[in-house]
Each structure stands twice: as structure tokens, then as C-alpha cells.
Protein chains: 2
Amino acid sequence: MTKNSDGEFVANDRNRVRRGLKRASYDKKKVYDIIDGHFLCHVAFEVDGQPFVIPTSHWREGNRLYWHGSSKSMMIRHLAKGNPASVAVTQLDGLVLARSAFSTSVNYRSVVAYGKPRLVEDAAAFNYHMERFFEMLAPGRWSQLRPMTDTERKATGLLEMEIEDASAKVRADPPGDRDEADYPVWAGVVPISMRQHAPEVAPEGEAAPLSHSLLDAYKLPLR
Amino acid sequence: MTKNSDGEFVANDRNRVRRGLKRASYDKKKVYDIIDGHFLCHVAFEVDGQPFVIPTSHWREGNRLYWHGSSKSMMIRHLAKGNPASVAVTQLDGLVLARSAFSTSVNYRSVVAYGKPRLVEDAAAFNYHMERFFEMLAPGRWSQLRPMTDTERKATGLLEMEIEDASAKVRADPPGDRDEADYPVWAGVVPISMRQHAPEVAPEGEAAPLSHSLLDAYKLPLR
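Notes on the structure follow. Each chain carries its own residue numbering, running from 1 in the direction its sequence is written. Starting at A for chains and at 1 for ligands, labels are handed out in the order in which the entities are written. Two thresholds apply to this predicted model, a pLDDT of at least 70 for residue-level local features and 80 or more for giving and counting side-chain atom pairs, whereas whole-chain, interface and lining totals are computed over all residues. Calculated side-chain values reflect all of the structure's heavy atoms, with hydrogen atoms and water omitted.

In DSSP terms, a helix is any run of H or I states spanning at least four residues, a strand is any run of E spanning at least two, and both are numbered starting from the N terminus. Along the backbone of chain A there are four helices and eleven strands. Structurally, chain A occupies a C-alpha span of about 65 × 45 × 35 Å along its principal axes. Relative accessible area decides the class of each residue, using a 1.4 Å probe on protein chains only: under 20% of the type maximum gives buried, over 50% gives exposed, and in between gives partly exposed. Across the 223 residues of chain A, 54% fall into the buried class. For chain A, the proportion of contacts with a sequence separation of at least 24, taken over those separated by at least 6, is 70%. For chain A, the accessible area works out to roughly 9,600 Å², and carbon and sulfur atoms hold 50% of it. Here chain A contributes 30 positively and 29 negatively charged side chains, and the mean placements of these two sets differ by 3 Å. By definition in these notes, contact holds between two residues if any of their heavy atoms fall within 4.5 Å. Only the protein chains shown count as covering a residue, and every accessible area follows the Shrake-Rupley method with a 1.4 Å probe. Neither His nor the chain ends is counted toward charge; the positive residues are Lys and Arg and the negative residues Asp and Glu. We put the charge of a Lys on NZ, of an Arg on CZ, of an Asp on CG and of a Glu on CD.

Each copy of the sequence occupies a distinct position, and chain B is placed on chain A by a rotation of 180° and an axial shift of 0.0 Å, giving an RMSD of 0.0 Å. Given the turn and translation reported, the copies of this chain are related as if by a two-fold rotation axis. Across chain B, the rotation axis passes nearest the C-alpha of B:Met194, at a separation of 2.2 Å. By residue overlap, the copies meet face to face through one surface: 100% of the interface positions of chain B are interface positions in chain A. Least squares is the method for superposing the copies, and the C-alpha atoms it fits come from residues with pLDDT of at least 70 in both.

Listed by partner, the interface residues are 90 residues for chain B and 90 residues for chain A. With both chains or domains summed, chain B and chain A bury close to 7,800 Å², and 67% of this area falls on carbon and sulfur atoms. When a carboxyl oxygen of Asp or Glu lies within 4 Å of a side-chain nitrogen of Lys or Arg, that pair is called a salt bridge. Residues A:Arg99 and B:Glu204 are paired through a salt bridge, measuring 2.6 Å at the closest nitrogen-oxygen approach. Definition of a polar contact: a pair of N or O atoms within 3.5 Å, with one able to donate and the other able to accept a hydrogen when the atoms are protein atoms, and with sequence-neighbouring residues admitted only if both atoms are side-chain atoms. The interface formed by chain B and chain A includes 33 residue pairs in polar contact (both at pLDDT 80 or more). Mapped onto the side of chain B that touches chain A, the elements with two or more residues apiece are β2 (40–47), β3 (50–61), β5 (85–97), β6 (105–115), α3 (123–137), α4 (150–155), β10 (188–196) and β11 (200–201) of chain B. Considering every element that reaches the side of chain B that touches chain A, the biggest residue donor is β10(B), with nine residues. For any pair of parts, buried area is found by adding up, for both, the accessible area (1.4 Å probe) each one loses once the two are put together.

All names here are of chain B. Summarising burial for β2: seven of the eight residues are buried, a large majority. Bridging between β2 and β5 involves three bridges; their strand directions are antiparallel. Residue pairing in the sheet places Val43 in a bridge with Val87 of β5. The criterion for strand pairing is that DSSP finds at least two bridges linking the strands in question.

A few words on a positive patch on the surface. Nonpolar side chains (Val, Leu, Ile, Met, Phe, Trp, Tyr) are joined into patches within 5 Å and like charges within 9 Å, using only residues with over 30% relative accessible area and no salt bridge. On the surface, A:Arg18, A:Arg19, B:Lys72, B:Arg77 and B:Lys81 cluster together to form a positively charged patch. Looking at where B:Lys81 falls in the secondary structure, it is placed in the loop between α2 (74–79) and β5.

Any helix carries an expected span of 1.5 Å times its number of residues minus one. In a regular helix each residue adds 1.5 Å, so 15 residues correspond to 21 Å; α3(B) covers 21 Å between its end C-alpha atoms and thus fits that length. Burial in α3(B) covers these residues: B:Phe126, B:His129, B:Met130, B:Phe133, B:Phe134, B:Met136 and B:Leu137. End-on view of α3(B): buried residues confined to an arc of 160°, all on one side of the axis. Those residues of α3(B) that are buried are in contact with β5 (85–97) of chain A together with β3, β4 (64–70), α4 and β8 (156–162) of chain B. Its side-chain oxygen at 3.3 Å from the backbone nitrogen of B:Ala124, B:Asp122 defines the N-terminal cap of α3(B). In this description, one arc is meant: the one made by directions from the helix axis to the C-beta atoms.

In this structure, B:Ala202 sits in the segment after β11. With 128 residues separating them in the primary sequence, B:Ala202 and B:Met74 have C-alpha atoms 31 Å apart. Not counting the four nearest positions on each side in its chain, B:Ala202 is found in contact with A:Arg99, A:Pro175, A:Ala187 and A:Gly188.

Ring geometry is summarised as follows: Phe, Tyr and Trp rings, the Trp one being its six-membered ring, pair when their centres sit within 6.5 Å, and such pairs are stacked at plane angles under 30 degrees, edge-to-face over 60 and tilted between the two. In the structure shown here, the tally under the stated rule is 14 aromatic pairs over all chains. Ring geometry for A:Phe133 and A:Phe134: centres 5.6 Å apart, planes at 70°, overall edge-to-face. With relative accessibility at 2%, the residue A:Phe134 sits in the buried group. For the pair B:Trp59 and B:Phe133, a centre-to-centre distance of 4.2 Å together with 15° between the ring planes defines the contact as stacked. Remark: B:Phe133 occurs in helix α3 and B:Trp59 occurs in strand β3; sequence separation between them is 74 residues. B:Phe133 matches B:Trp59 in its accessibility class, with the two residues each being buried. Here a set of aromatic residues connected by ring pairs shows up, and it is made of A:Trp59, A:Tyr66, A:Phe133, A:Phe134 and A:Trp142.

A separate point is unusual backbone geometry. Trans peptide bonds make up most of the peptide bonds, and negative phi angles are found at most residues other than glycine. All names here are of chain A. Phi at Asp48 takes a positive value of approximately 55°, unusual for a residue other than glycine. Mapped onto the elements of the fold, Asp48 is located in the loop between β2 (40–47) and β3 (50–61). A relative accessible area of 78% means that Asp48 is categorised as exposed.

Residues and elements named next belong to chain A. With respect to burial, strand β8 (residues 156–162) is a largely interior element, six of its seven residues being buried. By the bridge criterion, seven bridges tie strand β4 (residues 64–70) to β8 in an arrangement that is antiparallel. Residue pairing in the sheet places Trp67 in a bridge with Leu159 of β8. Summarising the sheet, strand β7 (residues 118–119) and β8 pair through two bridges and their orientation is antiparallel. Opposite Arg118, over in β8, you have Glu160 as the bridge partner.

Given 3.6 residues per helical turn, the α-helix brings residues three or four places apart onto the same face. Those residues of helix α1 (residues 28–36) of chain A lying buried are A:Val31, A:Tyr32, A:Ile34, A:Ile35 and A:Asp36. A side-chain oxygen of the first residue of α1(A) lies 3.3 Å from the backbone nitrogen of A:Lys29; this N-cap is A:Asp27.

What is shown is where atoms sit, not what they do.
Set out below in C-alpha cells:
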């Protein structure tokens, strides 16, 4: 049993990592860092025993996760009712080529977080959190955008999920079969990363220069 | 209602895309191409009303998805009982910076597939599918590996899921707010891709050269 503290999530039947224990962590800072390191997450929920999983973009403030979608989407409507969600953020760092199939693995940083989302309906809170999202994606951009209209706000369902519990799992190692180092096959890691590439201006042309540092928050290297 | 045919999945209440219809497809070839284009998927399932989502590696043969894990993991044990799963494969292609928050988007290729996995218990089938996995990850490598032991086979739970239905969703466009092209903010796409990097040999040193083309099946560019 993991001891509770301000700095850790409590491990329970839901978030406890059962396999690969040495890769597991309940440390809140580690969990938050992985969540903040990517804007792509996968949200799982279930309707009448049928599981669903949807990719979307997320952001975080404190112990809360945020994501949005069409206010008419099944996911937003279902989760706005207080139904439970599970949210995964996964970063792939490499393919681990061991000497055996069994030891072959992947280097990654992943978090799964659990909670019951609620809809952010207050207009000031909605604006605040949407601005936070854009400040994470592209710092400085929000104030340059054409402001949101009321119609657009109504069409946008913004969910807020207090993270009830979560766990992180990280593998960042060479192959684990060092005792088989003599086996005559190459062993090691093929690193994998996400890269951003040179921005492609819209076909209508440049109405203004691209002045801010895109995606800097995610530390995506420019190729 | 999407017409059924050999080449398309039937759209039903589960897999029908409700928002962003012009991005949706039920075409099997398109679905399979997206599934085959990455080895990372997210598997969702539910236990007593609690949704779970787990990142793992998948591969495909025909209309079946495969993934594996520790035979003692909650996911494998739960899904081996015939419980339903939802599997998402998502590839991120870019951040779409529009002139408004509302039109800001992401370019991506994604599939969600539905079915009820079963455990592959037959030894010959198990070996066949594991070899297929390795042939996709690193063509030519399987025959070079130290062969699997019976203990390793018993510790590995291999799931096979006939895809009952699925849908693909693809966005590969510039910002959708061309009617606001005069608004004085830069608009366009920041492309994002996965790259592989130079292989890092295990610290024990090279027992053999790396002779095959890693990850070629996934067309990951080498940076």
C-alpha cells in the first residue's frame, strides 16, 4: 500500500500498478509532468457496459484535467452527467530491442488518471480555462485571436476533472536481458520522438507574421 | 446510414461518427492503413462500471487486432473472459492554428475499433502471431532472437479481437476559417511527426551488427 501524502496519489484497486512495479510511480509531480508533456490524451468511458475511447487534447491546472469538444458529442454529454472517466497520456520514447521476444519492450512515459468530469458552465471560468489551453499550446496567441462568440461558446463543451487518483509508469532503460548479452543478435534501443516541422502558412497567405514560439511548452524539437 | 459492403464497416450506434462527418470513414482499407501505421494503441474496457484505458502495442492480420501483455495483468484477464473492448490508434500530424479559438484544431489520423477479444491459447497460433508482431516491428528479427521458452509463453497473454465495427476519422487540412482570412493573425499548420533516431547499442556492447531495417514497416523517418 502506498502511503498517502500531499505529494502522492493513494494507490488503490483502480490505479495501482500491478505489473512492472519498479516502473510505477504515484508521485504527483511526476504524474503532472507527463500530463503536461503532451497535448494528446485518450479518454475512456462506458455507456451501458460498452467501453469507448476517444483521442482529444487536454491541459491541466493544479490537480484538474481539462478537455473540450462539441457540446453535442456523445463523450461530452455522457461525461457531463458525472459519469466516470479514465484518461491516458502516453509518450513513446523508443523501441527496446532485446535478445529475446520476451524482453523486447518499449520506452515510454505514461499516466492514467481517474475521476468524474463536470461541465464548466460559468462563462468567466470557461473563458479563463480556454485561455489557459491556448497559452499552453501557443504562448501569446490567445490575445491575437478573433474573440470567441456566444454561439461558439455554446457549441463548446468544456469538461473539468478533478484527478481522484492516478499513476505513472515509465520505462527509460536499455534491454533488460543483460544476462544474455552473449546471444549473437544486436540489442539496444531505437529512440523515437515527436518533432515539429516548419510551419505551413494557410493558402490564403500571411495576414500577419508568426511571432510567438509555437509548441515551446511541449519542448518539441524543431526538425 | 452507411451502406454495408465488403469494403466498409456498417455504421451503427457504437461506431458512427456524429461530429465532423466529412472527416469520417468506414472504409476498411482506410481503417486498416491507420491501424498498421503505428504500433501504439489505447485499449479501453470497463469493470463494474469503471472505465480503464491502457496503452499497449498492437498489430493486425486481416480483420483481427492483436495485442499482448502479462497473462496476469488485469486487462488480459478481464478481456480473456470475452468482455468488450474499444481500441484507439491515433496518429498526430499537426497543430492547426486558425484565426479563432473555435477553428483551432489538430491534424490527425485516428481509428476506433470495437470487439470482444479472446485469448490465443493454441501454441502454434501463439507462435505464429508473435512472429507476425516482430516481423512488423523489425522485419527479419524474429529468427535472430533467442527462442521463447515455455515459461515465457505461459507468462504472455495474447489477445485476438475480431473487429466487429470501426470507424476512421482524418483531418489533413489547413485552418477551416478562410472566410476570416483578413483577421490579422498568422494562420496555418505546424506539422508534427514521429521520428526515429540513431540506434543506441546496449551497454554490454555489440554481440552482432544491426542488420535489418528497423521500423521500416511504420515508415518512421530517421532524423
